[in-house]
Amino acid sequence: MTATVSSERFTDFAAGFPRKLLIDGSWVDAEGATTMPVDNPATGEILASVADASPADGQRALAAAVAAQRSWRRTPPRVRSEILRRAFDLVLSREDDLALLMTLEMGKPLAEARGEVRYAAEFLRWFSEEAVRIDGGYMTAPDGAKRALVLAAPVGPCVLITPWNFPLAMGARKIGPAIAAGCTIVLKPAPQTPLSSLALAAILAEAGLPAGVLNVVTTSRAGEVIEPMLRSGQVRKLSFTGSTNVGKILLAQCGSAVIRTSMELGGNAPFIVFDDADLDIAVDGAMQAKMRNMGEACTGANRFYVHERVAADFSRRLADRMAALRVAPGWEDQAQVGPLIDVVSRDKVDRLVRDAVDRGATVVTGAQVPSGAGYFYPPTVLTGVAAGSEMCGTEIFGPVAAIQTFTDADDVVAMANETPWGLVGYVFTRDLDRAFNVSEDLEVGMVGLNAGIVSDPATPFGGVKESGLGREGGRVGIDEFLEYKLISMPIRR
């Protein structure tokens, strides 16, 4: 696609995808046929309108999931596996269309969107393989008086809430293990990016997923729709990816009904460059950890700590790379940095930059809101960022690298850990002992060691402290959707 394609053409393209609620296998209007707009963040124009679910719609979706649970849990694992595998093939076969749809509703460049399509598909393939590997155990009790049989069973109906920044991948990362485990689902995607989730649901239906197993409610009134579900006593699992503040509200609601939860919440990732690091590798890692998804990633590097001996060189190299990136609508040829999701997000990033500059930071590149349509912000590098700057304690969620310096390894680890969040950290060094010592000392759920990307469907993803509970992906990802049942039998001889 190029910039010459009209906004009308984009609207027509989006109209080819589902825009209604999916309840019990049927695409239906919301109560009162209410709708909500979906913006194109590169233009600020309305891309499409989708159904805007009411609390009653949410209850209908939950009722469908509850009704389907008994038969779905009895479905053979191989059948569940093959549905996910067919969905994997279908997603890959529609890579271009799904990527463009994501670019239009979320903003990321087409090259990144294609990568996300493949990443999302891998979750479907991974959990198709895990579906047939659910097992339990058998043992004789130590006193010899009984036999113990342990069974793994689906936890039951689930509510899955996904964010806007990786709309296809986060849907697949939650839906895949739930289906594999034998759970039914109500999916509530982010209101900014519902089209990708609806498209994924349509693909799963095409792949043979029975009616009622996956229900999708798009809504602008998340609190009103979700809370009655959680209070109903029928939901057995909530999986949420989003802000820590919203996560805490949901945890409180789940607590009253003792609902199992998985929470992937905010981050404040430290990116530590020691004086012995290979700066070529460190800068490459910084570009990945900072600029993936325009910086709108919970794994995004938020606080750069660079040893004072290499700080000037690292900052210059990083600024040169950042300044060379092409900022443009994601569908344009060779676009590398798209818009932020909305004007609120862009204004927040600009406010954080202004605050840091007011506190003494130096702008090496960027830091100017461009004129024109869309919610663009230029790749920005700041040096001399004061520790008390607001961005040091706030998830930036934008293309801004905030650089501080350090001299002592223990001090930098202490600074890195001085935050309530603990999702991911990045460490760059050629000293093997230091690499493992610092990785072990960082209070995070994941470490990128001489690497700027940590996510992989085959490995567990998640954080500690206020960055969340539980893990997604890897062999442990399906455990979040399973309960273990003991059958104890006396031994009589």
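Conventions adopted
Residues numbered from 1 in each chain as written. Predicted model: local features only at pLDDT ≥ 70, side-chain atom pairs only at ≥ 80, totals over all residues. Heavy atoms only, no water. Helix = DSSP H or I, 4+ residues; strand = E, 2+ residues; numbered from the N terminus. Rg over C-alpha atoms; globule rule 2.2 N^0.38 Å. Buried < 20%, exposed > 50% of the residue type's maximum accessible area, 1.4 Å probe, protein only. Contact = heavy atoms within 4.5 Å. Areas by Shrake-Rupley, 256 points an atom, 1.4 Å probe, with all protein chains shown as cover. Lys, Arg positive; Asp, Glu negative; His and termini not counted. Charge placed at Lys NZ, Arg CZ, Asp CG, Glu CD. Pairing = 2+ DSSP bridges. Axes fitted to C-alpha atoms, helices over the stretch in contact; angles between N-to-C directions. Expected span 1.5 Å × (residues − 1). Core = buried A, V, L, I, M, F, W, Y, C linked by side-chain atoms within 4.5 Å. Patch = residues over 30% accessible without salt bridge, like charges linked within 9 Å, V, L, I, M, F, W, Y side chains within 5 Å. Salt bridge = Lys/Arg side-chain N within 4 Å of Asp/Glu carboxyl O. Polar contact = N/O pair within 3.5 Å; in protein donor to acceptor, adjacent residues only side chain to side chain. Arc of directions from axis to C-beta. Phe/Tyr/Trp six-rings, centres within 6.5 Å; stacked < 30°, edge-to-face > 60°.

*Asks:* Any details on the overall build of the protein chain? Residues and values, ideally.
*Replies:* Broken down by element type, the protein chain carries 14 helices and 22 strands. Whereas a compact globule of 493 residues would reach a radius of gyration of roughly 23 Å, the protein chain reaches 23 Å, a difference of no more than 12%. Dimensions along the principal axes, computed over C-alpha positions, put the protein chain at roughly 75 × 65 × 40 Å. Taken over 493 residues, the protein chain has a buried fraction of 56%. For the protein chain, restricting intrachain contacts to residue pairs at least 6 apart in sequence, the fraction spanning at least 24 positions comes to 74%. Carbon together with sulfur atoms contributes 51% to the accessible area of the protein chain, which is approximately 19,100 Å² in total. Computing the positive centroid from 49 side-chain charges and the negative centroid from 59, the protein chain places the two 9 Å apart.

*Asks:* Got a sec to walk through the sheet that holds strand S12 (residues 269-273)? Specific residues and values, please.
*Replies:* An order of S14-S15-S16-S13-S12-S18-S19 is seen for the 7 strands of this open sheet, with the pairing classed as mixed. The open sheet has two edge strands, strand S14 (362-365) and strand S19 (446-449), and neither has a second partner. Averaged over all pairs of adjacent strands, the angle between strand axes in this sheet comes to 25 degrees, irrespective of strand direction. Pairing geometry for strand S18 (residues 424-428) and S19, over 4 bridges, is parallel. Across the sheet, residue Val 427 finds its bridge partner in S19, namely Leu 449. Helix H12 (residues 343-358) rests against S14, strand S15 (380-383) and strand S16 (400-406) of the sheet, and its axis sits at about 25 degrees to S15. Its contacts with the sheet place helix H13 (residues 409-417) against S12, strand S13 (301-307) and S16, and it is angled at close to 170 degrees to S13.

*Asks:* A description of the environment of Ala 53 should follow, citing residues and the corresponding values.
*Replies:* Turning to its location among the elements, Ala 53 is positioned in the loop between strand S4 (45-51) and helix H2 (55-73). Judged by relative accessible area, which is 0%, Ala 53 ranks as buried. Taking the C-alpha atoms as reference, Ala 53 lies 29 Å from Asp 347; in sequence the two are 294 residues apart. The contact partners of Ala 53, leaving out residues within four places of it in the chain, are Leu 21, Ala 30, Val 217, Thr 218, Thr 219, Arg 221 and Val 225.

*Asks:* So, helix H3 (residues 77-93): which residues are in play, and what are the values?
*Replies:* In a regular helix each residue adds 1.5 Å, so 17 residues correspond to 24 Å; H3 covers 25 Å between its end C-alpha atoms and thus fits that length. Here H3 has its buried residues at Arg 80, Ser 81, Ile 83, Leu 84, Ala 87, Phe 88, Leu 90 and Val 91. Against H2, helix H4 (95-106), helix H5 (110-130), helix H6 (167-181) and helix H7 (194-206) lie the buried residues of H3.

*Asks:* Can you explain the sheet that holds strand S5 (residues 137-140)? Please cite residues and give values.
*Replies:* Taken together, the 3 strands give an open sheet; going across it, the order is S5-S6-S22, and neighbouring strands pair in antiparallel fashion. With one partner strand each, in any of the chains shown, S5 and strand S22 (482-490) form the two edges of the open sheet. Direction aside, the axes of adjacent strands within the sheet are offset by 20 degrees on average.

*Asks:* I'd like a description of the nonpolar core, backed by residues and values.
*Replies:* Burial of nonpolar side chains together is a common tendency in soluble globular proteins. Formed by 69 residues in total, the largest nonpolar core has its most connected members in Ile 175, Leu 204 and Leu 214. Among the elements that make up this core, the one with the highest residue count is H5 (10 residues). Residues in contact with Leu 204, not counting those within four places in the same chain, are Ile 83, Leu 84, Ala 87, Ile 175, Ile 179, Leu 209 and Leu 214.

*Asks:* How would you summarise a positive patch on the surface if you had to cite specific residues and measurements?
*Replies:* A cluster of basic side chains, namely Arg 70, Arg 73, Arg 74 and Lys 485, defines a positive patch on the protein surface. Tracing the chain through its elements places Arg 73 in helix H2. Residue class for Arg 73 comes out partly exposed when judged on its relative accessible area of 38%.

*Asks:* How would you sum up the side chain of Arg 80? Please name residues and give values.
*Replies:* Among the structural elements, Arg 80 can be located in helix H3. Summary of buried charges: Arg 80 has no salt-bridge partner, and the nearest side chain of opposite charge, Glu 130, is 11 Å away. Here Ala 180 takes part through its backbone oxygen, which lies 2.9 Å from a polar atom of the side chain of Arg 80. Non-local contacts of Arg 80, meaning those with residues more than four positions away in its chain, are made with Trp 72, Arg 73, Thr 75, Ala 131, Ile 134, Ile 179, Ala 180, Ala 181 and Gly 182.

*Asks:* Before we move on, can you summarise H13 with the specific residues and values?
*Replies:* Owing to its 3.6 residues per turn, the α-helix aligns residues three or four sequence positions apart on the same side. Within H13, burial applies to Val 412, Val 413, Ala 416 and Asn 417. In a view along the axis of H13, the buried residues occupy a sector of 130 degrees, so they form one face of it. Capping the start of H13 is the job of one residue whose side-chain oxygen sits 3.0 Å from the backbone nitrogen of Asp 410: Asp 408.

*Asks:* So, the packing of aromatic side chains: which residues are in play, and what are the values?
*Replies:* What the rule picks out here adds up to 10 aromatic pairs. Aromatic pair Phe 271 and Phe 314: ring centres 6.5 Å apart, planes at 35 degrees, arrangement tilted. Placement of Phe 271 in strand S12 and of Phe 314 in helix H11 (residues 311-323) is noted, with a sequence separation of 43 residues between them. For the pair formed by Phe 271 and Phe 314, the shared burial category is buried. Seen in terms of ring centroids, Phe 304 and Phe 314 are 6.3 Å apart; in terms of plane orientation they differ by 40 degrees. Their pairing is tilted. In this pair, Phe 304 sits in strand S13 while Phe 314 sits in helix H11, placing the two residues 10 residues apart along the sequence.

*Asks:* Give me unusual backbone geometry: which residues, what numbers.
*Replies:* A positive phi angle, close to 55 degrees, is found at Ala 33, a residue other than glycine. Take Ala 33: it is sitting in the loop between strand S2 (26-28) and strand S3 (35-40). Despite not being glycine, Met 294 has its phi angle at roughly 60 degrees, a positive value.

*Asks:* Which residues make up the side chain of Ser 81, and what are the values?
*Replies:* Its place among the elements puts Ser 81 in helix H3. On the basis of relative accessibility, which here comes to 6%, the residue Ser 81 falls in the buried class. Beyond its immediate chain neighbours, meaning those up to four positions away, Ser 81 contacts Ser 128, Ala 131 and Val 132.

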